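Per-entry structural report
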Amino acid sequence: TQLLEQSPQFLSIQEGENLTVYCNSSSVFSSLQWYRQEPGEGPVLLVTVVTGGEVKKLKRLTFQFGDARKDSSLHITAAQPGDTGLYLCAGAGEETSGSRLTFGEGTQLTVNP
Amino acid sequence: DVKVTQSSRYLVKRTGEKVFLECVQDMDHENMFWYRQDPGLGLRLIYFSYDVKMKEKGDIPEGYSVSREKKERFSLILESASTNQTSMYLCASSPYGDTQYFGPGTRLTVL
């Protein structure tokens, strides 16, 4: 069974601060996705990374896929209250079929004004 | 835009009742999934389906069954609801590939 561990589980920061969320595994993934979930809604895809070492930027969010494709990080610069939500990483295994994903436990981010 | 809808946002049932949760997607996706989400445990896969009438067990299928009679509709069935099935249930669909599109979720409470 492939596992993804996210850290930290909870993060509460002030507006304007920077933060990094980590997603780690002992397994290799063919791709890794990051989702954000707001209260009362389903997760929404932010980004997919597929190549080891890949870095993608989405405004103030920077996503990185580890060289060995076992880990990923999400860095937010100058966090804003609108960034508040549950961040989930999800990996597509090299040996799993179709679109099955393994999800991390999530990081609950609160950005205080 | 992809739209995944779930039949109820909130549902309250009694122990022993049979519960149906329905999910409909409008983008002709082959794959559909049912997850439950509990604090600290992330999303856990219950069942998924690659095609009409096809189903495969996920990580926690016990106490659940599914039905996919039409491509756009995937139903989750709790044959005899129990209190430990109180949870948020999320449906997702996906074309061939990895990205999953989620519905808004059904918060089920079993009393």
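Above this text sits the structure in question.
So, here is what we can say about the structure in this document. (Residues numbered from 1 in each chain as written. Chains lettered and ligands numbered in written order. Predicted model: local features only at pLDDT ≥ 70, side-chain atom pairs only at ≥ 80, totals over all residues. Heavy atoms only, no water.)

1. So, the overall build of chain B
- When its secondary structure is counted, chain B shows zero helices and eleven strands.
- Counting from the amino terminus, helix and strand elements in chain B follow one another as β-β-β-β-β-β-β-β-β-β-β.
- Relative to the compact-globule value of 13 Å for 111 residues, chain B shows a C-alpha radius of gyration of 13 Å, a close match.
- Principal axes of the C-alpha set define a box for chain B whose edges measure 40 × 25 × 25 Å.
- Out of the 111 residues in chain B, the part that is buried amounts to 48%.
- For chain B, long-range pairs separated by at least 24 residues make up 54% of all intrachain contacts whose partners lie at least 6 apart in sequence.
- Surface summary for chain B: the accessible area is close to 5,500 Å², and the carbon and sulfur share equals 50%.
- Counting 15 positive and 15 negative side-chain charges, chain B places the averaged centre of each group 7 Å from the other. (Helix = DSSP H or I, 4+ residues; strand = E, 2+ residues; numbered from the N terminus. Rg over C-alpha atoms; globule rule 2.2 N^0.38 Å. Buried < 20%, exposed > 50% of the residue type's maximum accessible area, 1.4 Å probe, protein only. Contact = heavy atoms within 4.5 Å. Areas by Shrake-Rupley, 256 points an atom, 1.4 Å probe, with all protein chains shown as cover. Lys, Arg positive; Asp, Glu negative; His and termini not counted. Charge placed at Lys NZ, Arg CZ, Asp CG, Glu CD.)

2. What to know about the pattern of salt bridges
Residues and elements named next belong to chain A.
- Per the stated rule, a full pass over the model turns up ten salt bridges over all chains.
- A salt bridge links Asp83 to Arg60, with the shortest nitrogen-to-oxygen separation between them at 2.9 Å. One end of the pair, Asp83, is in the loop between strand E8 (71-76) and strand E9 (85-93); the other, Arg60, is in the loop between strand E6 (55-58) and strand E7 (61-65), and 23 residues separate them in sequence.
- Asp83 gets classed as buried once you look at its relative accessible area, which sits at 4%.
- Accessibility expressed as a relative area gives 24% for Arg60, which makes it partly exposed. (Salt bridge = Lys/Arg side-chain N within 4 Å of Asp/Glu carboxyl O.)

3. Some remarks on the environment of Glu54(A)
- Inspection of the secondary structure puts Glu54(A) in the loop between strand E5 (44-49) and E6.
- Those residues in contact with Glu54(A), other than ones at most four positions away along the chain, are Val49(A), Phe63(A), Gln64(A) and Phe65(A).

4. Structural notes on the interface of chain A and chain B
- Contacts between the two partners involve 22 residues from chain A and, on the opposite side, 26 residues from chain B.
- Summed over both partners, the interface of chain A with chain B buries about 1,700 Å², with 48% contributed by carbon and sulfur atoms.
- For the chain A face of the interface with chain B, the top three residues by lost area are Ser99(A), Arg100(A) and Phe103(A), together amounting to 34%.
- For Asp59(B), the salt bridge goes to Arg100(A), with nearest N and O atoms at 2.7 Å.
- The interface formed by chain A and chain B holds five residue pairs in polar contact (both at pLDDT 80 or more) in total.
- Mapped onto the side of chain A that touches chain B, the elements with two or more residues apiece are strand E4 (29-37), E5 and E9 of chain A.
- No other element matches the four residues that E4(A) contributes to the side of chain A that touches chain B. (Buried area = accessible area lost by both parts, 1.4 Å probe. Polar contact = N/O pair within 3.5 Å; in protein donor to acceptor, adjacent residues only side chain to side chain.)

5. Concerning the pairing of E9(A)
Residues and elements named next belong to chain A.
- Judged by how many residues are buried, E9 sits mostly within the fold: nine of nine residues are covered.
- Here eight bridges tie E4 to E9, and the two strands are oriented antiparallel to one another. Bridge pairing in E9 links Arg36 to Tyr87.
- Direction of pairing for E9 relative to strand E10 (residues 102-103): antiparallel, over a ladder of two bridges. Bridge pairing in E10 places Gly91 opposite Thr102. (Pairing = 2+ DSSP bridges.)

6. With respect to the state of the cysteines
- Summed over the entire model, instances satisfying the criterion amount to two disulfides over all chains.
- Here Cys23(A) is linked by a disulfide to Cys89(A), with a sulfur-sulfur distance of 2.0 Å. With the S-S bond torsion at 75 degrees, the cross-link from Cys23(A) to Cys89(A) turns out right-handed. With Cys23(A) in strand E3 (residues 19-24) and Cys89(A) in strand E9, the pair connects residues that are 66 residues apart, well separated along the chain. With respect to class, Cys23(A) is no different from Cys89(A); both count as buried.
- Disulfide pairing is shown between Cys23(B) and Cys91(B); the S-S distance is 1.8 Å. (Disulfide = S-S within 2.5 Å.)

7. Overview of the pairing of strand E9 (residues 87-94) of chain B
All names here are of chain B.
- Burial analysis of E9 places eight of its eight residues in the buried class, the great majority of the element.
- Burial along E9 is two-sided: the residues Ser87, Tyr89, Cys91 and Ser93 and Met88, Leu90, Ala92 and Ser94 are all buried.
- Summarising the sheet, strand E4 (residues 31-38) and E9 pair through seven bridges and their orientation is antiparallel. The partner of Trp34 across the bridge, within E9, is Cys91.
- Looking at chain direction, E9 and strand E11 (residues 106-110) are connected through three bridges and run antiparallel. Among the inter-strand pairings, Ser87 is bridged to a residue of E11, identified as Leu108.
- When E9 meets strand E10 (residues 101-102), the two strands line up antiparallel, connected through two bridges. Its bridge partner lying in E10, Ala92 is registered against Phe102.

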